[in-house]
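Here is what each chain is made of, one letter per residue.
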Amino acid sequence: MLELVKALNDGAGALKASTSNPISLNAGCELFIAFVTLLPHDSACFSDLKLELVRQGQKYAAEALTYRDKIASLALGFIKDDSVILTHSYSRVVMKTLLRAHERKRISVYVTEARPRGLGLRTYEELTAAGIPCTVVLDSAVSYVMDKVDFVLVGSEAVVESGGLINAVGSNQIAIIAQAANIPFYALAESYKFHRLFPLSQYDLPTHTANILSFPLSSANTIASPPTAGAIKPVHERFSNVDYVRQMMPEQIACNPGVDYTRPDLITLVFSDVGSLTPEGVSQYVVGMFAG
């Protein structure tokens, strides 16, 4: 058994090394390894245990495919007719929920652009194609639109042991604004994204590195020379193209986080395949899940 667990840990490490954002993957790997080590069995030999592990693993994988449907059905009861919803970036479970709600109720959706990847535009395209009224909101205009919405609905990269949420960067500021405006903030998360992690701040996330939000390195003894007179263009030349939009450079994007952490006190409810839970309920569930 020890050799099996070591092999699983090595495999999980290789998987996590293959992606820049291993948080969801790490949660799933931890859950599977806990499942293997805690599975009760009466197998007399390893070959029998292996067959049982494969059988139980296939059964769980088949059940996991139904989780988004379960979450969508559960969340549907909280969505009233004519609801105006704010969502962030792109989430498959959120899309499943919104499309399910559209089949039975009238809804309208605001979606953030979710820079720098712009995944909110994918959400907009799919919702519009399904006939759902949808408007894209600048990330910097969340507070402007908040008074127009009935609640916020976001997906998750992981739900941590404290009941807090790790999700696409910008989720935390949306939750802060929603709480200030007394707007419910709901998170949707499959239970295999429940993560045995306890961050206290943004800088405790496993994705945080010293490069994130760092200042460019420069020599203290180096003084940048001023531009030559010929390098300075007249005002009418610099601003003649009114359609010009400045974009961040790849190295600037690389210095920014891809996910952030939302504290549990900012979250109203977490909808999961195991039920609708308060952040405190999530914490208790995660502790029990890994305790066997």
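Nothing here was measured: the structure is a model prediction, and the numbers come from that model. Every chain is numbered independently, its residues counted from 1 as its sequence is written. Reporting in this predicted model follows two pLDDT cut-offs: at least 70 for local features of residues, and 80 or more for side-chain atom pairs to be given and counted; totals over whole chains, interfaces and linings ignore these cut-offs and use all residues. Water and hydrogen atoms play no part in the side-chain values, which are based on all heavy atoms of the structure.

Engineer: How do you make sense of the overall build of the protein when you look at a structure like this?
Structural biologist: For the protein, the helix and strand inventory stands at eleven helices and eleven strands. When a residue's accessible area, from a 1.4 Å probe over protein chains only, is under 20% of the maximum for its type it is buried; when over 50% it is exposed; and in between it is partly exposed. Counting across all 292 residues of the protein, residues that qualify as buried make up 39%. Working rule for contacts: check all heavy atoms of both residues, and any pair within 4.5 Å makes them a contact. Taking contacts inside the protein between residues at least 6 apart in sequence as the whole, the part at least 24 apart equals 79%. Here the open area of atoms and residues is found with the Shrake-Rupley method and a 1.4 Å probe, where only the protein chains shown may cover a residue. For the protein, the computed accessible surface area is about 16900 Å², with 57% contributed by carbon and sulfur atoms. Going along the chain from the N terminus, every DSSP run of H or I of four or more residues is numbered as a helix, and every run of E of two or more is numbered as a strand.

Engineer: How do you make sense of the sheet that holds strand S8 (residues 194–195) when you look at a structure like this?
Structural biologist: Remark on secondary structure: sheet strands pair via backbone hydrogen bonds, oriented parallel or antiparallel. One bridge is not enough; two strands pair if DSSP finds at least two bridges between them. The four strands are arranged S8-S5-S6-S9 in an open sheet whose pairing can be described as mixed. Each edge of the open sheet carries a strand with a single partner, namely S8 and strand S9 (259–262). Pairing analysis gives two bridges linking strand S5 (residues 158–160) to S8, with the strands arranged parallel. In the sheet register, Val 159 faces S8, and the bridge partner there is Phe 194. All axes are obtained by fitting lines to C-alpha atoms, using only the stretch in contact for helices, and the reported angles, taken between N-to-C directions, cover 0 to 180 degrees. Across the face of the sheet, helix H8 (residues 171–180) comes into contact with strand S6 (165–168) and S9 while running at roughly 35° to S9.

Engineer: So what exactly am I meant to see when it comes to helix H4 (residues 67–76) here?
Structural biologist: Because the α-helix completes a turn every 3.6 residues, residues three or four places apart line up on one side. Inspection of H4 places Tyr 67, Ile 71, Ala 72, Ala 75 and Leu 76 among the buried residues, and these make up the whole buried set. Buried-residue contacts for H4 involve helix H3 (46–64), helix H5 (92–104), strand S7 (185–188) and strand S10 (269–272).

Engineer: Looking at this structure, I do not really get the side chain of Thr 87. What am I missing?
Structural biologist: Of note, Thr 87 is situated in strand S1 (residues 83–87). Its relative accessible area of 2% is what places Thr 87 among the buried residues. At a separation of 2.7 Å, a polar atom in the side chain of Thr 87 contacts the main-chain carbonyl oxygen of Leu 153. Excluding anything up to four places from it in sequence, Thr 87 contacts Val 94, Val 109, Tyr 110, Val 111, Thr 112, Thr 123, Leu 153 and Val 154. Residues adjacent in sequence count toward polar contacts only when both atoms are side-chain atoms; beyond that, a polar contact is any pair of N or O atoms within 3.5 Å, and within protein one must be able to donate a hydrogen and the other to accept it.

Engineer: How should a nonpolar patch on the surface be read in this particular structure?
Structural biologist: Exposure above 30% relative accessible area and the absence of a salt bridge qualify a residue for a patch, where like charges join within 9 Å and nonpolar side chains (Val, Leu, Ile, Met, Phe, Trp, Tyr) within 5 Å. Think of a salt bridge as a Lys or Arg side-chain nitrogen and an Asp or Glu carboxyl oxygen that are within 4 Å of each other. A grouping of Leu 121, Tyr 124 and Val 136 is seen on the molecular surface, where their side chains present a nonpolar patch of about 220 Å² in accessible area. With respect to the helices and strands, Leu 121 occurs in helix H6 (residues 119–129). Take Leu 121: its relative accessible area is 41%, and that puts it in the partly exposed class.

Engineer: So what exactly am I meant to see when it comes to the pairing of S1 here?
Structural biologist: Both faces of the sheet carry side chains from a regular strand, because those side chains alternate between them. With four of its five residues buried, S1 lies for the most part within the structure. Here five bridges tie S1 to strand S2 (residues 107–112), and the two strands are oriented parallel to one another. In the sheet register, Thr 87 faces S2, and the bridge partner there is Val 111. Crossover handedness is defined by viewing with both strands directed away from the observer: a clockwise path from the first strand over the helix to the second marks the crossover as right-handed. Taking the sense of rotation as the criterion, the β-α-β connection linking S1, H5 and S2 turns out right-handed. In this structure, S1 lies alongside strand S4 (residues 151–154), joined through three bridges in parallel fashion. Considered in S4, the bridge of Ile 85 is made with Phe 151.

Engineer: What is the right way to look at the environment of Asn 26 in this model?
Structural biologist: By the secondary structure assignment, Asn 26 is in helix H2 (residues 23–38). Along the chain, Asn 26 and Ala 158 lie 132 residues apart, while their C-alpha atoms are 9.3 Å from each other. The contacts of Asn 26, once residues within four sequence positions are left out, are Lys 16 and His 195.

Engineer: What's the story with the layout of surface pockets in this structure? I'm lost.
Structural biologist: A water-sized probe rolled over the atoms picks out the places where empty space is left. Reported here for the second largest pocket is a volume of approximately 620 Å³. Buriedness for pockets is judged along seven lines, at least five of which must meet protein on both sides within 12 Å for an open set on the 1 Å grid over protein atoms alone, while cavities are sets there where a 1.4 Å probe fits but cannot get out, and lining residues have an atom within 4 Å of a point. Surrounding the second largest pocket, 28 residues form its lining, Arg 115, Pro 116, Val 169, Asn 256 and Pro 257 being those nearest its centre. Among the elements of the structure, H8 and S9 are those that each provide at least two residues to the lining of the second largest pocket. Grid points are joined across faces, edges and corners, and a volume is the space filled by probe spheres set on the points.

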